[in-house]
Amino acid sequence: MVSLEVELFGIRFENPLILASGINDKVPEQWIRAHEEGAGGVVTKSIGIEPRKGYDNPTIVELPYGLINAMGLPNPGWKGFLEMVDGYTFDFPLIVSIFGGTPEEFAFLAEKLSDVADAFELNLSCPHAKGYGMEIGQKPENVYEVVKAVKDATDKPVIAKLTPNTDDITKLGLAAEKAGADGVSAINTLKAIAIDIYARRPILSNRVGGYSGPGVKPVALRAVYDLARTLDIPVIGIGGITTWQDAVEFLLAGASALQIGTAVSLRGWKVFREINEGIERYLEEEGFSRVKDIVGLALE
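Residues numbered from 1 in each chain as written. Predicted model: local features only at pLDDT ≥ 70, side-chain atom pairs only at ≥ 80, totals over all residues. Heavy atoms only, no water.

- Per an unreviewed UniProt entry, the chain goes by the name Dihydroorotate dehydrogenase and belongs to Thermococcus gorgonarius.
- Per UniProt, the comment on the chain under Function (unreviewed entry) is "Catalyzes the conversion of dihydroorotate to orotate."
- In the Subunit (unreviewed entry) part of its UniProt record, the chain is described as follows: "Heterotetramer of 2 PyrK and 2 PyrD type B subunits." (UniProt positions renumbered as here; feature names shortened; annotations may be inferred.)

## A word on the overall build of the chain
In step 1: Check the secondary structure of the chain and you find ten helices and 16 strands.
In step 2: Whereas a compact globule of 300 residues would reach a radius of gyration of roughly 19 Å, the chain reaches 18 Å, a difference of no more than 12%.
In step 3: Structurally, the chain occupies a C-alpha span of about 50 × 50 × 40 Å along its principal axes.
In step 4: For the chain, buried positions account for 56% of its 300 residues.
In step 5: Expressed as a percentage of contacts within the chain between residues at least 6 apart in sequence, the contacts between residues at least 24 apart total 71%.
In step 6: As displayed, the chain has an accessible area near 12800 Å², and 48% of this comes from carbon and sulfur atoms.
In step 7: Counting 29 positive and 41 negative side-chain charges, the chain places the averaged centre of each group 7 Å from the other. (Helix = DSSP H or I, 4+ residues; strand = E, 2+ residues; numbered from the N terminus. Rg over C-alpha atoms; globule rule 2.2 N^0.38 Å. Buried < 20%, exposed > 50% of the residue type's maximum accessible area, 1.4 Å probe, protein only. Contact = heavy atoms within 4.5 Å. Areas by Shrake-Rupley, 256 points an atom, 1.4 Å probe, with all protein chains shown as cover. Lys, Arg positive; Asp, Glu negative; His and termini not counted. Charge placed at Lys NZ, Arg CZ, Asp CG, Glu CD.)

## Here's the deal with the nonpolar core
In step 1: With 81 residues, the main nonpolar core has Val 96, Ile 98, Leu 122, Val 184, Ile 260, Phe 272 and Ile 279 as its most contacted residues.
In step 2: With residues near it in sequence (within four places) discarded, Ile 260 still touches Leu 17, Ile 18, Leu 19, Ala 20, Ile 241, Val 271, Phe 272 and Ile 275.
In step 3: The next biggest cluster of nonpolar side chains, apart from the first, holds nine residues, and it includes Leu 190, Ala 192, Leu 204 and Tyr 211. (Core = buried A, V, L, I, M, F, W, Y, C linked by side-chain atoms within 4.5 Å.)

## Quick look at the pattern of salt bridges
In step 1: Under the criterion given, the structure shown has 13 salt bridges.
In step 2: Note that Lys 53 and Asp 56 form a salt bridge whose closest N and O atoms lie 2.8 Å from each other.
In step 3: Note on Lys 53: relative accessible area 66%, which makes it exposed.
In step 4: For Asp 152, the salt bridge identified is with Lys 148, shortest N-O distance 3.4 Å. Separated by four residues within a single helix, Asp 152 and Lys 148 lie in helix H5 (residues 140-153), roughly one turn from each other.
In step 5: Connected via shared salt-bridge partners are Lys 217, Asp 246 and Glu 249. (Salt bridge = Lys/Arg side-chain N within 4 Å of Asp/Glu carboxyl O.)

## Overview of unusual backbone geometry
In step 1: Pro 58 follows Asn 57 through a cis peptide bond whose omega is 0°.
In step 2: Structurally, Pro 58 can be placed in the loop between strand E4 (41-43) and strand E5 (60-63).
In step 3: The peptide bond linking Ala 186 to Ile 187 adopts the cis configuration, its omega dihedral lying at 10°.
In step 4: Mapping Ile 187 onto the fold places it in the loop between strand E10 (183-186) and strand E11 (190-193).
In step 5: Phi at Phe 9 takes a positive value of approximately 50°, unusual for a residue other than glycine.

Dropping the structure here:
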């Protein structure tokens, strides 16, 4: 009998698939829908101290092999977030994504939101919001300081979400691990741009955005492979996972769990169930009984 259940940081997930922070996770109804469709857990939209409207449209460009988005970190702020989740109970792990401009801001948010979060994902990698994300997360010393501040502020598991827009992602992972991170997730989107050849100007209102989807998969897979070879803490794989074959590749490369984001926009909520069914068939056909049995086999 094959089991898709995985355990990370002492948290049980029904399966290794998690809704990624991004376009399809703004409100509790979307988190619940993702779980009903087969997600083992959910990461929220990134939450900051103050409400943010985000950028004006257009914020998304669809390409043949993915999307470029520049949403501008729209969110209700920590107070609005608590009001939004008031009255809800979730029968799946809820990972709250947080962002800030300083270690103190990250720590403040972790302290305020600890009662509703099963774990925190630190957005150290957004490529299009000035003063946040990637601008902080490209330097290992900044990653260390943010993770350490959050670990001092909460007893909930802390996951550092890493940027691929760097010369060596393992340096960022090692800094997070040294600061006490319980895990890392990789990758966030690649910095990208699209131009309207008739308007002769960038399409996105912010000009630059983050590229996600099938086109980034080889880059993401390499990052997960390198991190899994280097770190002792779990790696959560993100980036272009669209089919069950993609998912199995990431698991073999050392990912202990997987986040799905753009594939929901491209293929619909059914993608969680389809990928889970494919992983289950693969395990049965190859003679494995648990997801854990195949994690990292390509590293050997």
